[in-house]
Amino acid sequence: MRRFLLTLILSLSFTASYCQDTIMYLTDAIKENINPYKRASNIAYEKRNIEEGKNLFDSLVKTKLIGTKFDDFSLKVYKEKNVKINRISKPIFIITYASWLVIPKGEIPALNILAKEHRDDMQIIVVFWDKKNDLKNIAYKFSDNIKVCYANEYYAKDSHIVATIKHTLGFPTSIFVDENKNVVNIKHFESKTKIKTPIKEAIITSYNYFSKDINENLMKSLSSKKSFTTN
């Protein structure tokens with residue numbers, strides 16, 4: 001009996017240790033949870049319950065995606081060498097767009113300002129779901145502090161990131177990843193400026209919106225790091 005109990009305890013200890021060491025990657029978490037979310041959100045949007053649809057996405061992010069490990073994607077950078085996510089040692093703020101979308105007035109200048117302010121403690125990456133040639137009329141608008149990247153079904157090696165990020169999370173979407181590549185937050189964002197808003201006002205509005213989001217996520221990152229160090 002004592003031998004049986006000892007064997008059971010050792011077995012449970014091994015299982016617990018294995019579970020703690022197992023890493024859940026973002027793409028795997030999405031695959032495991034995306035179908036129930038899609039069914040529920042489709043029903044919500046069919047009923048034109050936009051608020052419920054948003055709440056479902058927020059719930060998916062908070063309960064299933066935050067805390068997962070961001071996959072080590074290799075991103076093609078416009079006019080630069082490709083970059084692997086794991087080779088970036090700082091927290092990363094990723095924003096996804098498409099070249100055919102009209103980026104709201106003031107958004108790019110605001111991101112350029114923030115990228116300069118946070119160049120020492122964070123990397124901003126903008127991912128366009130396009131081919132390289134599609135970016136020629138927009139990439140130059142972003143500062144050198146921002147890595148402008150592109151991914152498209154046309155490129156064989158992009159199928160994984162396109163399938164799991166573009167086709168499941170949608171866009172425009174922001175993803176904040178800490179220095180250990182843990183997902184801190186994911187959110188859909190909407191423009192807070194109107195077409196006729198003066199450019200200076202539009203820049204300030206966009207700056208305040210993104211700045212609040214970035215600073216909150218940086219604080220979460222720092223808090224998580226301190227907690228990990230303490231433990």
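In this text the structure is predicted, and so the values were computed from the model without any measurement.

Visitor: Can you tell me about the sheet that holds strand S4 (residues 123-128), naming the residues and giving the values?
Guide: Strand order in the open sheet made by the 7 strands is S2-S1-S5-S4-S3-S6-S7, with mixed pairing throughout. Among the strands making up the open sheet, the edge pair consists of strand S2 (83-84) and strand S7 (183-188). Its contacts with the sheet place helix H5 (residues 159-169) against strand S1 (74-77), strand S6 (173-177) and S7, and it is angled at close to 125° to S6.

Visitor: Mind laying out unusual backbone geometry, listing which residues take part and the relevant values?
Guide: In this structure, Pro172 follows Phe171 across a cis peptide bond, with omega equal to 0°. Relative to the helices and strands, Pro172 resides in the loop between H5 and S6. The backbone phi angle of Arg48 is positive, close to 60°, even though this residue is not glycine. Along the polypeptide, Arg48 turns up in the loop between helix H2 (26-46) and helix H3 (50-65). The class of Arg48 is exposed, set by a relative accessible area of 74%. You will see that Lys79, though not glycine, has its phi angle at about 60°, which is positive. Judged by its relative accessible area of 70%, Lys79 falls in the exposed class.

Visitor: Can you break down the packing of aromatic side chains residue by residue, with the values?
Guide: Applying the stated criterion across every chain yields a total of 12 aromatic pairs. One aromatic cluster is present, formed by Phe93, Tyr97, Phe128, Phe142, Phe176, Phe189, Tyr209 and Phe210 through successive ring pairs. Positioned above the aromatic ring of Tyr154 is the side chain of Lys131, whose terminal nitrogen or guanidinium carbon lies 4.9 Å from the ring centre.

Visitor: Just give me the short version of the environment of Asn86, but keep the residues and values in it.
Guide: Considering the arrangement of structural elements, one finds Asn86 in the loop between S2 and strand S3 (92-97). The class for Asn86 is partly exposed, based on a relative accessible area of 46%. Through-space distance from the C-alpha of Asn86 to that of Phe73 is 8.1 Å; in sequence the pair is 13 residues apart. The residues contacting Asn86, other than those within four sequence positions of it, are Asp72 and Lys181.

Visitor: Can you break down H2 residue by residue, with the values?
Guide: With 21 residues, H2 extends 28 Å between its outermost C-alpha atoms, agreeing within 8% with the 30 Å of an ideal straight helix rising 1.5 Å per residue. The principal kink in H2, of about 50°, is found at Asn33, preceding the proline Pro36 by one to four residues. Those residues of H2 that sit buried are Leu26, Thr27, Ala29, Ile30, Asn33, Ile34, Tyr37, Ser41 and Ala44. If you follow the buried residues of H2, they end up packed against H3, H5 and S7.

Visitor: I'd like a rundown of the pattern of salt bridges, residues and numbers included.
Guide: A full pass over the atoms with the stated rule returns 6 salt bridges. In this structure, Lys84 and Asp72 form a salt bridge, with 3.5 Å as the shortest nitrogen-oxygen distance. Here Lys84, found in strand S2, pairs with Asp72, found in the loop between H3 and S1; they are 12 residues apart in sequence, far enough to count as distant. Put simply, Glu216 and Lys212 hold a salt bridge, and the shortest N to O gap is 2.8 Å. One end of the pair is Glu216 and the other is Lys212, both in helix H6 (residues 199-230) and 4 residues apart, which spans about a single turn.

Visitor: Before we move on, could you go through the environment of His188 and cite the residues and values that matter?
Guide: In this fold, His188 is placed in strand S7. You can call His188 partly exposed: its relative accessible area is 38%. The spacing of His188 and Gly170 is 18 residues in sequence and 8.0 Å in space, taken between C-alpha atoms. The residues contacting His188, other than those within four sequence positions of it, are Phe57, Leu169, Pro172, Thr173 and Tyr209. At 2.5 Å, the side chain of His188 forms a polar contact with the backbone oxygen of Leu169.

The rules behind these values
Residues numbered from 1 in each chain as written. Predicted model: local features only at pLDDT ≥ 70, side-chain atom pairs only at ≥ 80, totals over all residues. Heavy atoms only, no water. Pairing = 2+ DSSP bridges. Helix = DSSP H or I, 4+ residues; strand = E, 2+ residues; numbered from the N terminus. Contact = heavy atoms within 4.5 Å. Axes fitted to C-alpha atoms, helices over the stretch in contact; angles between N-to-C directions. Buried < 20%, exposed > 50% of the residue type's maximum accessible area, 1.4 Å probe, protein only. Phe/Tyr/Trp six-rings, centres within 6.5 Å; stacked < 30°, edge-to-face > 60°. Lys NZ or Arg CZ within 6 Å of the ring centre and 35° of its normal. Expected span 1.5 Å × (residues − 1). Bend = angle between axes of the 7 residues up to and from the residue. Salt bridge = Lys/Arg side-chain N within 4 Å of Asp/Glu carboxyl O. Polar contact = N/O pair within 3.5 Å; in protein donor to acceptor, adjacent residues only side chain to side chain.

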